[in-house]
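Listed below are the residues making up each chain.
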Amino acid sequence: MSQTETPSPVVLIAGAGLGGLTAAIMCEKANINYMVLERAVNVRLLGSAMCLNAHVQPILEQLQLLDELKSISLPCLSLDTYNDKLELLGGLGLTTYRDLTGYDSLIMARPDLYALLLSKVPAEKILRNKKIVSVEQDVNGVTVQCADNSTYTGDILIGADGAYSTVKQCMYKDMDEKGLLPKEDKEDMAMASICMLGMTKPLDPAKYPALKSTHSHFYTVLGKGKPHSWSTITMTGNRIAWSGSFPVDAEAAEKVKFRNDEWGPEANKAMIEEISNFPLVHGGVMKDLIDASDKDLISRVYIEEKLFKTWHHGRIALIGDAAHKMQPSGGQGAVSAIQDACILLNSIYELNDTTYESICAALAEYPPQRRDRIAHQFKLSQDFAKVVHGQSLSERIIRKVVFKLPKWVQRQRQKKAATYRPLIAFLPPVPNKTNLKLDYQKPSERYGREQAARSETKDVGAVEI
């Protein structure tokens, strides 16, 4: 059976962020009819550095994006932490990561990764200025209404519209009215810290020699007698990504609860002044990097976290931050969003028909495949934040213990983590580049049938010739 003989659902994707664009690219590969609804008129390429590792690079390799990803990235060999006297406290080594996993741990600018993914989605497939205000679903389909009074109807709605997802709010409201929403999903996200971040314009490598290196230098400095920590990461294009963060208490969190400026440049001035004179491992102070950055692309971000219990209801499924908002320091946010898109699209691809019952059953298969792994990634992001940024006595003790772990212990942990690397079931798999025994993934029955049919067609053609 070919793809064209299998009824294709109409998929609406809310949000043209990293997760939404990845889902769109996968729909392209699977010949699934889709449309992306993005609330912004023009997406501003905000953000700082990101890390993608062996957990998701095989997916990007299947999508034929890995070579382009490498061209905008640098491998990271260590995550080093210093005190405010710029004395090395320790680091997390990654020098053997490629040998262990088959892939480098790659550092790239978030705007560069976004531009790469965006370039792979036909422009006509992304509708902008489409702020969703309501969602309705029944046995006939799912319909979203936008603020401009336009409506769009499909068979499936993917909520990839961030931590404050309108799709999630509408879905939860419907479930709550029916007595189906767990109590935990009615509670607010927890706020962990506030972070100021940005990225410089191209700098002079003579002034910052680390820019001459073929790998990325990731430095974090911990302030003494103050809650702040600040990080710098060298990037391609002679740029340095930077960030400064400090924790917030319950009172401060309540004040900003309804003023989330995620990836926005508002309210920057006071915090910029607060971190300006912090010393840099590269030499100089934070102000030097801030002054070398585009002011409109400096962002003040409220770092929140929550692992939601409900990711699916009827024709709707949530991915990325809409389903699980993690602290960004562990690099798990983008990784988990890409993995979510992969597992969800695998389930959608297996549909033999587009009946309401079949769609509900297909989407229901997605959360159980991800829930345990997401809980692990969520805990990993919290632990990483404590090791790299933590300032409490217990966090300092944890950091000393982690930094003193033998290298073989760190390598074993990296190997164990790298065994989970889901693949797109409807594309040719990539070979395992190491001797690691990877976690089992159920193969696609439909893809198997299609490959068998193609093989039979080739055999018949060979006989006729």
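The structure displayed is predicted, hence computed values, not measured ones. (Residues numbered from 1 in each chain as written. Predicted model: local features only at pLDDT ≥ 70, side-chain atom pairs only at ≥ 80, totals over all residues. Heavy atoms only, no water.)

## Brief notes about the overall build of the protein chain
Counting its secondary structure elements, the protein chain contains 15 helices and 19 strands. Taking the principal axes of the C-alpha coordinates as reference, the protein chain spans close to 75 × 55 × 40 Å. For the protein chain, contacts bridging at least 24 residues in sequence account for 74% of all contacts bridging at least 6. Surface accessibility of the protein chain: about 21,300 Å² in total, with carbon and sulfur atoms responsible for 54%. For the protein chain, the separation between the mean place of its 56 positive charges and that of its 55 negative charges on side chains is 7 Å. (Helix = DSSP H or I, 4+ residues; strand = E, 2+ residues; numbered from the N terminus. Contact = heavy atoms within 4.5 Å. Areas by Shrake-Rupley, 256 points an atom, 1.4 Å probe, with all protein chains shown as cover. Lys, Arg positive; Asp, Glu negative; His and termini not counted. Charge placed at Lys NZ, Arg CZ, Asp CG, Glu CD.)

## Points about the pattern of salt bridges
Throughout the structure, instances matching the rule amount to 13 salt bridges. We note a salt bridge from K130 to D148, for which the minimum N-O separation is 2.8 Å. Taken as a pair, K130 in the loop between β7 (126-127) and β8 (132-138) and D148 in the loop between β9 (141-146) and β10 (151-154) lie far apart in primary sequence, 18 residues in all. On the basis of relative accessible area, K130 is assigned to the buried category, the value being 12%. Taking the relative accessible area as the measure of exposure, D148 reaches 37% and is therefore partly exposed. D383 is the salt-bridge partner of K379, the closest N and O atoms lying 2.9 Å from each other. (Salt bridge = Lys/Arg side-chain N within 4 Å of Asp/Glu carboxyl O. Buried < 20%, exposed > 50% of the residue type's maximum accessible area, 1.4 Å probe, protein only.)

## Quick look at the sheet that holds β9
In space, the three strands of this open sheet follow the order β8-β9-β10, with antiparallel pairing throughout. Among the strands making up the open sheet, the edge pair consists of β8 and β10. Across the sheet, the mean angle from the axis of one strand to that of its neighbour is 15°, orientation sign disregarded. Two strands pair when backbone bridges link them, and β9 and β10 are joined in this way by four bridges, in the antiparallel orientation. Considered in β10, the bridge of V144 is made with Y152. (Pairing = 2+ DSSP bridges. Axes fitted to C-alpha atoms, helices over the stretch in contact; angles between N-to-C directions.)

## Topic: the side chain of D80
Summarising the element assignment, D80 is placed in strand β4 (residues 73-83). Buried charge D80 goes without a salt bridge, the closest partner of opposite sign being K407 at 10 Å. Among the polar contacts made by the side chain of D80, one reaches the side chain of S78 at a distance of 2.6 Å. (Polar contact = N/O pair within 3.5 Å; in protein donor to acceptor, adjacent residues only side chain to side chain.)

## Concerning the sheet that holds β7
Taking strand neighbours across the sheet as the criterion, the six strands line up as β7-β2-β1-β11-β18-β17 in an open arrangement whose pairing is mixed. Only two strands of the sheet have a single partner each, and these edge strands are β7 and β17 (312-313). Relative to strand β18 (residues 316-318), helix α6 (residues 166-177) is tilted by about 125°, and along the sheet it contacts β1 (10-14), β11 (156-159), β17 and β18.

## A short note on helix α10 (residues 332-349)
Residues three or four positions apart in an α-helix share a direction because the helix packs 3.6 residues into each turn. Between its terminal C-alpha atoms α10 stretches 25 Å, which fits the 26 Å expected from 18 residues at 1.5 Å a residue. Most of α10 sits out of view: 17 of its 18 residues are buried. (Expected span 1.5 Å × (residues − 1).)

## A word on the packing of aromatic side chains
For the structure on display, the rule yields five aromatic pairs. Aromatic pair Y82 and Y219: ring centres 5.6 Å apart, planes at 85°, arrangement edge-to-face. Linking Y82 in strand β4 with Y219 in strand β13 (residues 216-222), this pair joins segments that are 137 residues apart in sequence. For the residue pair Y82 and Y219, the accessibility class agrees, reading buried in each case. For the ring pair W311 and Y366, a centre distance of 5.9 Å and an interplane angle of 45° mean the geometry is tilted. Taken together, the positions of W311 in the loop between β16 (299-307) and β17 and Y366 in helix α12 (residues 366-389) put the pair 55 residues apart, joining distant regions of the chain. For W311, a relative accessible area of 1% gives the class buried. In this structure Y366 comes out as buried when scored by relative accessible area, which is 0%. When the ring centre of Y34 is taken as reference, the NZ or CZ atom of K125 above it lies at 4.7 Å. (Phe/Tyr/Trp six-rings, centres within 6.5 Å; stacked < 30°, edge-to-face > 60°. Lys NZ or Arg CZ within 6 Å of the ring centre and 35° of its normal.)

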